[in-house]
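Here's the letter readout for the chains.
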Amino acid sequence: MAQAFVWFHNGGNKTEESRRFYEGLLGWKPSEGPGGMTMFGGEAGPFASLGAPQGGAAGWVPYAQVDDVEVAAKRAVTLGAEVLQPKTRGPAGDFVVVRDPGGATLALWQKV
């Protein structure tokens, strides 16, 4: 069974504007992350990033941890999802971005 959401990525073309927005609105403190991403974190560590859209999907993309990203992606397709971004290696693990049958974007993530 997948874990609850473990990460959130905000992809868009105006990351500096988004950074200022979330810092001003919610008090999130930005820091430089891998690959030019901006990271937001709290006392427990980082919880979200800003950067380029993933799988062409602008906006917030939640990440759900799975035991095997390839198996989970195949199951998602069987259940009606569309793969937007195939398996990709990120700083902390592998992920696949899918669009569920209702149109929402989700990243399936496996820690490596």
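Everything that follows concerns the structure shown earlier in this document.
Residues numbered from 1 in each chain as written. Predicted model: local features only at pLDDT ≥ 70, side-chain atom pairs only at ≥ 80, totals over all residues. Heavy atoms only, no water.

This part is about the sheet that holds strand β2 (residues 29–32). Strand order in this open sheet of eight strands is β2-β3-β4-β1-β5-β8-β7-β6, and the pairing throughout is mixed. The open sheet terminates on both sides in strands that have one partner only, identified here as β2 and β6 (82–89). Within the sheet, the average angular offset between the axes of one strand and its neighbour, ignoring direction, is 25°. Where β2 meets strand β3 (residues 38–42), four bridges bridge the pair, whose relative direction is antiparallel. The residue of β3 that forms the bridge with Lys29 is Gly41. Against the sheet, helix α1 (residues 15–26) makes contact with β1 (5–11), β2, β3, β4 (45–51) and β5 (59–65), and its axis sits at roughly 145° relative to β4, the strand it touches most. Sitting on the sheet, helix α2 (residues 69–78) touches β6, β7 (93–99) and β8 (105–111), and the angle it makes with β8 is about 155°. (Pairing = 2+ DSSP bridges. Helix = DSSP H or I, 4+ residues; strand = E, 2+ residues; numbered from the N terminus. Axes fitted to C-alpha atoms, helices over the stretch in contact; angles between N-to-C directions. Contact = heavy atoms within 4.5 Å.)

Taken together, the side chains of Phe5, Phe8 and Trp60 present a nonpolar region at the surface, about 280 Å² in accessible area. Looking at where Phe5 falls in the secondary structure, it is placed in strand β1. Overall, the relative accessible area of 47% leaves Phe5 in the partly exposed class. (Patch = residues over 30% accessible without salt bridge, like charges linked within 9 Å, V, L, I, M, F, W, Y side chains within 5 Å. Areas by Shrake-Rupley, 256 points an atom, 1.4 Å probe, with all protein chains shown as cover. Salt bridge = Lys/Arg side-chain N within 4 Å of Asp/Glu carboxyl O. Buried < 20%, exposed > 50% of the residue type's maximum accessible area, 1.4 Å probe, protein only.)

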